[in-house]
Structure formats: C-alpha cells, structure tokens
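# Summary of structural features
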Amino acid sequence: KRPTFNGILKTSRYATLFTSRGCPYLCSYCHDVFSKRFVHRSPENVLAEIEYLHDTYGVTEFQIIDDIFNLHKPRLKEIMREVKHRWGGKMLFSFPNGLRADILDEETIDALVDGGTYCAAIAIETATPRLQSLIQKNLDPDKAFWAIREFDKRGIAVTGFFMLGFPTETPEEIEKTIRFALDAGLTQAYFFRVVPQPETPLYDLAAKENLEALEEITRIDMEDGHYRSDDSWYQRAYGYPLAKVIRKANLRFYLRPKTAWRILTRWPLRSMLRSLPSFFGVLFGLRGGAK
C-alpha cells in the first residue's frame, strides 16, 4: 500500500512537492509551525525538481502540499505554463493540502487545469460569514462556491473540508455549511468536528463559552489519543448531537446520484477500491471526524 496525501492516485510513480512555506492568514484554529511569513521557491527551482524526478525516476504525477500554492498567482501561472510547454500534458498535479478558494480567478483555474491538475482540495470550514470573521479565516463563501463550480465545470475532482461545532455556532449555521457542501459541485466532502487546540485563539474562545467542557474533552483527547472520537467540545458545551449530525451529513452527501457520478467518472478505479474501507467507515459512522 503506497502512502499518498490524496486518496486519489492516477499513476504508478508519483512524488510530493513542497514549493512554499508559511501562510499569512490568521485562522484562530491553525498552527504556526512555518510562521506567518510566506516564503516560496522560484519557478525555475520548482521546475528543476520536477524535471529531475521525471528524468531520473520516471515520475509523472505530483502532489503539491503547500499551505497555499495559489497565494502568488504569477508564480503559479509561470510554473504551470512551463510544465505544459515542456511536457505537453504528460504531467499530473493534485493539491491535497488545499488551495485558497476565494483568491482563485478564472485565469488561475485555467492555468492549473492546463498544467495537468485533476484533483484539488479546498478548505471552506464554514459557510457563515459571521463565523469566518470569528475564526479569522475571513474566507468569502460566495467566491469559494464559484471557484468550486468552475473546477467542476472543467471535470476536476474537488474535495471540500468543513469544520462543524465552532464556539457560538448555531444549528442553523451548521446546516448552512452542510447545504453549501451539497450544492457546490464537490466530488468529496469531509465534515470534521472542531477540536480547540491548546495555545490557539480558538481554544480561548471555547474556554470563554464553557471551560469545564473544554478541559474534559482536552483531557480525553490527550489521554486516549482517540482523535476521531464522536465526542466533542461542542456536544458537551451545548448538548447538541454533533456526531449524529455529521453522520447524517455524510449520508446526505454521498448517497446522491450526482456525487456517485462524480466519483465514478473522476476517480481512478484502483484508488476507488483502495479507499472503500475508510469510505464506509466514515459513511456509516465507524470513525468520526476531527480537525
């Protein structure tokens, strides 16, 4: 079984690429491992690595695992344009770590597709502007929705990441996020329960809402190491059946003809078969989701 960031793999030889580090956005739930300063490799340097891996090892598929590959648009366009020029459509690219959806435009999307992109992950988290502001992600849900639709029109498999159970989030706001996932044109959707991590602003927000629930769920997560437990801070703090709602959201998303068609037409058969055990585990609640 070959390790892959994606779950989808089209070729027998692939490699990961790390072309930039750092993210200037201030999301309250996120790490600060690489700092908030965006540092990127030059197009020439990235292309040299692609060429080396292709010529030396026969690699034709690359998973780019940057936090935000599309932050510097001119660099993205130059890399993808040169890939198309040098290898004439023989290279494949996927973005399992995510692209920032609301800064994508039509020209950038075309450049990604022309360069060989067939799969992209997009982290939405919440479809509610109020919560986007609260968690300091400040993503524009309408622009993100448009970007997903544009990828979908071009036959790209898009995975959406969503977080349910933020401090002060209402059941109506949770449903709005699920509805976004259902309507956007995604091939896959992951609904994660929010886990406030110590030493993040989100942890402090959760503590203000319900410190007792936070301390208890943090202790359980750390002692048991069961990061995919059905239990959650939100469920304890507000008495809301979040685990049940997430299981239902998975059923609502995946048991639809449109989703099935996208998976069947955009996923390679080998990847599809390899993913079946984990797929059924998520679908029927055998494993929860946390982020």
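Residues numbered from 1 in each chain as written. Predicted model: local features only at pLDDT ≥ 70, side-chain atom pairs only at ≥ 80, totals over all residues. Heavy atoms only, no water.

Let us look at the overall build of the protein. Helix and strand counts for the protein stand at 11 helices and 8 strands. Relative to its 291 residues, the protein shows a buried fraction of 52%. Pairs at least 24 residues apart make up 78% of the contacts formed inside the protein by residues separated by at least 6 positions. Carbon together with sulfur atoms contributes 55% to the accessible area of the protein, which is approximately 13,700 Å² in total. (Helix = DSSP H or I, 4+ residues; strand = E, 2+ residues; numbered from the N terminus. Buried < 20%, exposed > 50% of the residue type's maximum accessible area, 1.4 Å probe, protein only. Contact = heavy atoms within 4.5 Å. Areas by Shrake-Rupley, 256 points an atom, 1.4 Å probe, with all protein chains shown as cover.)

A word on the environment of Glu199. As for its position among the elements, Glu199 is in the loop between strand E8 (188–193) and helix H7 (201–224). When the C-alpha atoms of Glu199 and His31 are compared, they prove to be 9.3 Å apart, with 168 residues separating the residues in sequence.

As a further point, take unusual backbone geometry. Phi is positive for Asn138, which is not a glycine, with a value near 55°. Tracing the backbone shows Asn138 in the loop between helix H4 (129–134) and helix H5 (141–153). Positive phi, normally seen in glycine, also occurs at Thr168, with a value near 75°. Along the chain, Thr168 falls in the loop between strand E7 (157–164) and helix H6 (171–183).

Here the focus is the side chain of Thr218. With respect to the element layout, Thr218 can be found in helix H7. Overall, the relative accessible area of 11% leaves Thr218 in the buried class. Apart from residues no more than four positions distant in its own chain, Thr218 is found in contact with Pro198 and Tyr203.

Along E8, 5 of the 6 residues are buried, which leaves the element largely enclosed by surrounding structure. One ladder, built from 6 bridges, connects E7 with E8; its direction is parallel. Paired with Phe162 across the strands is Phe191, a residue of E8. Handedness of the crossover is the feature at issue here: the chain leaves E7, passes through H6, returns alongside E8, and the resulting connection is right-handed. (Pairing = 2+ DSSP bridges. Right-handed = clockwise from strand over helix to strand, strands pointing away.)

Another point: the packing of helix H3 (residues 106–114) against H5. Their axes nearest at 11 Å, the elements H3 and H5 cross at an angle of 35°. The two elements H3 and H5 cross, and the hand of that crossing is right-handed. Between H3 and H5, the residues in contact are Glu106, Ile109 and Leu112 and Trp146, Ala147, Glu150 and Phe151, respectively. Class assignment for the residues of the contact of H3 with H5 results in 5 nonpolar, no polar and 2 charged. (Axes fitted to C-alpha atoms, helices over the stretch in contact; angles between N-to-C directions. Left-handed = near helix turned anticlockwise from the far one by under 90°. Nonpolar A, V, L, I, M, F, W, Y, C, P; charged D, E, K, R; others polar.)

Count 3.6 residues to each turn of an α-helix, and residues three or four apart come out pointing the same way. Under the 1.5 Å per step criterion, the end-to-end length of helix H9 (residues 242–254) is 18 Å for 13 residues, consistent within 8% with the ideal 18 Å. Residues of H9 that are buried include every one of Leu242, Ala243, Val245, Ile246, Ala249, Asn250, Phe253 and Tyr254, and no others. An end-on view of H9 places all buried positions within 160° of arc, on one side of the element. Residues of H9 that are exposed and point over 90 degrees away from its buried face: Lys244 and Lys248. (Expected span 1.5 Å × (residues − 1). Arc of directions from axis to C-beta.)

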